[in-house]
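# Working through the structure, step by step
Listed below, chain by chain, are the residues.
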Amino acid sequence: MPDLADSLHWARLGADTFAKVLAALDDDQFPLPSSLGGFTRAELAWHVIELVADAATALNPGTDDPGSTPDEAAVTEAPDTGPELREAYRLVAKELNAALALRPNRGDWADPVDFDGQEHVAAEVLFQVASELLIHATDLSTPGPEDGDRDTSEVVTLGRLPVEFLGAFISQIISERGHETPQTLEILSQDTGEGWRLEGPGDAMRVMGRASDVVAWLGGRPGGKVKVLGQGTLPDIGPWF
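Throughout what follows, the structure given in this document is the object of discussion. If you're wondering where the values come from, they're calculated on a predicted model, not measured in any experiment.

## Focus on the overall build of the protein chain
- Within the protein chain, the secondary structure is distributed over 7 helices and 6 strands.
- Ordered by position in the sequence, the α and β elements of the protein chain form the string α-α-α-α-β-β-α-α-β-β-β-α-β.
- Computed over its C-alpha atoms, the radius of gyration of the protein chain comes to 19 Å, within 12% of the 18 Å expected for a compact globule of 241 residues.
- Projected onto its principal axes, the C-alpha positions of the protein chain cover 60 × 50 × 30 Å.
- Going through the 241 residues of the protein chain one by one, you find that 46% of them count as buried.
- When contacts within the protein chain are restricted to residue pairs at least 6 apart in sequence, those whose partners lie at least 24 apart make up 57%.
- For the protein chain, the exposed surface amounts to about 11,800 Å²; the carbon and sulfur share of it is 49%.
- The averaged location of the 41 negative side-chain charges in the protein chain is 8 Å from the averaged location of its 17 positive side-chain charges.

As structure tokens, this is what we get:
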């Protein structure tokens with residue numbers, strides 16, 4: 001689990017980054033497919049909005065106010081327009097910020113909370129919401145298959161995220177999904193200096209890349225330029241998130 005101060009910083013950075021991505025998108029881009037296969041931008045944005053609302057409630061049960069967060073009726077008819085999604089996100093981000101402010105002490109983050117149908121330590125929920133905001137901000141911002149010729153100078157890519165966050169995110173994903181590797185892998189990050197070993201069949205294959213490339217490779221996102229050190233072909237591990 002990352003240091004609490006880092007997770008708080010990344011959660012606030014993620015909330016701000018996600019808002020900026022929503023604001024930068026043209027309204028006609030929301031119905032289009034996102035760069036994450038199987039989701040339109042509207043669907044992906046709503047997924048994040050629901051998760052942020054749930055996290056705000058988990059971290060501060062007193063914020064479960066149907067007037068300010070998506071209620072059960074709204075879930076059945078999720079908004080799909082830019083203005084509606086931006087406003088829905090503004091409301092849940094406000095509730096998340098209030099929840100974070102109500103846990104000023106480090107010890108508060110060791111409390112058990114109910115989230116996503118399970119009991120978690122509050123600090124775990126904090127890092128998960130930070131990860132969802134930052135990673136999916138890049139999924140929304142990255143051009144999708146039907147975006148055409150648009151200005152990409154302000155696109156938020158994985159490479160623009162804090163490298164320390166990317167290293168912590170890789171560690172988290174590997175701890176959850178590492179048993180699914182098709183063969184033994186040793187993954188090295190060029191920019192963080194970290195390494196991860198995944199136990200599987202066969203001799204260990206060593207692969208290396210920048211942290212942003214390792215995240216893209218593990219997640220089946222574009223641009224995962226990791227390379228094999230030595231002989232062998234990079235295995236297809238499938239998207240892990």
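## Overview of the pattern of salt bridges
- Summed over all chains, the structure comprises 15 salt bridges.
- For Arg 90, the salt bridge goes to Glu 87, with nearest N and O atoms at 2.8 Å. Of this pair, Arg 90 and Glu 87 both sit in helix H4 (residues 82–101), separated by 3 residues, roughly a single helical turn.
- On the basis of relative accessibility, which here comes to 44%, the residue Arg 90 falls in the partly exposed class.
- One salt bridge connects Arg 221 with Asp 139, and the closest N-O pair in it is separated by 2.8 Å. Of this pair, Arg 221 sits in the loop between helix H7 (211–219) and strand S6 (227–229) while Asp 139 sits in helix H5 (residues 122–141), and the two are 82 residues apart along the sequence.
- What makes Arg 221 buried here is its relative accessible area of 11%.
- In this structure, a network of salt bridges that share partners links the residues Asp 26, Asp 28, Arg 41, Asp 147 and Arg 150.

## What about the pairing of strand S2 (residues 118–121)?
- With 4 bridges joining them, strand S1 (residues 112–115) and S2 adopt antiparallel strand pairing. Paired with Pro 112 across the bridge in S2 is Val 121.
- Hairpin connection from S1 to S2: 2 residues lie between these consecutive antiparallel strands, with Asp 116 at a positive phi of about 60 degrees.

## Focus on the environment of Asp 203
- Counting through the fold element by element, Asp 203 comes out in the loop between strand S4 (195–198) and strand S5 (205–209).
- Sequence spacing of Asp 203 and Gln 183 is 20 residues, and the spatial spacing of their C-alpha atoms is 7.5 Å.
- Look past the residues within four positions of Asp 203 in its chain and what remains in contact with it is Gln 183 and Thr 184.

## Looking at the sheet that holds strand S3 (residues 185–189)
- Pairing is mixed in the open sheet, where 4 strands are placed in the order S4-S3-S5-S6. The open sheet has two edge strands with one neighbour each: S4 and S6. Geometrically, the sheet is characterised by an average inter-axis angle of 25 degrees between neighbouring strands, direction not taken into account.
- Sheet analysis places S5 next to S6, joined by 3 bridges and oriented antiparallel. Opposite Val 207, over in S6, you have Val 228 as the bridge partner.
- Sheet contacts for helix H6 (residues 163–177): S3 and S4; angle to S4, the most-contacted strand, approximately 10 degrees.
- This element, H7, spans S3 and S5 of the sheet and lies at about 140 degrees to S3.

## A few points about the packing of aromatic side chains
- In this structure the tally under the stated criterion is 6 aromatic pairs.
- Ring centres of Phe 127 and Phe 165 lie 6.1 Å apart, and the angle between their planes is 55 degrees; on these two criteria the pair is classed as tilted. Residue Phe 127 is located in helix H5, and its partner Phe 165 is located in helix H6; the two are separated by 38 residues in the primary sequence.
- Judged by relative accessible area, which is 0%, Phe 165 ranks as buried.
- Arranged with centres 4.9 Å apart and planes meeting at 85 degrees, the rings of Phe 169 and Phe 241 form a pair that is edge-to-face. Note that Phe 169 is positioned in helix H6 and Phe 241 in the segment after S6, a separation of 72 residues in sequence.
- What makes Phe 169 buried here is its relative accessible area of 7%.

## A closer look at the side chain of Thr 17
- Considering the arrangement of structural elements, one finds Thr 17 in helix H1 (residues 4–24).
- Among the polar contacts made by the side chain of Thr 17, one reaches the main-chain carbonyl oxygen of Leu 13 at a distance of 2.8 Å.

Definitions and cut-offs
- Residues numbered from 1 in each chain as written.
- Predicted model: local features only at pLDDT ≥ 70, side-chain atom pairs only at ≥ 80, totals over all residues.
- Heavy atoms only, no water.
- Helix = DSSP H or I, 4+ residues; strand = E, 2+ residues; numbered from the N terminus.
- Rg over C-alpha atoms; globule rule 2.2 N^0.38 Å.
- Buried < 20%, exposed > 50% of the residue type's maximum accessible area, 1.4 Å probe, protein only.
- Contact = heavy atoms within 4.5 Å.
- Areas by Shrake-Rupley, 256 points an atom, 1.4 Å probe, with all protein chains shown as cover.
- Lys, Arg positive; Asp, Glu negative; His and termini not counted.
- Charge placed at Lys NZ, Arg CZ, Asp CG, Glu CD.
- Salt bridge = Lys/Arg side-chain N within 4 Å of Asp/Glu carboxyl O.
- Pairing = 2+ DSSP bridges.
- Axes fitted to C-alpha atoms, helices over the stretch in contact; angles between N-to-C directions.
- Phe/Tyr/Trp six-rings, centres within 6.5 Å; stacked < 30°, edge-to-face > 60°.
- Polar contact = N/O pair within 3.5 Å; in protein donor to acceptor, adjacent residues only side chain to side chain.

That is the geometry; function is a separate question.
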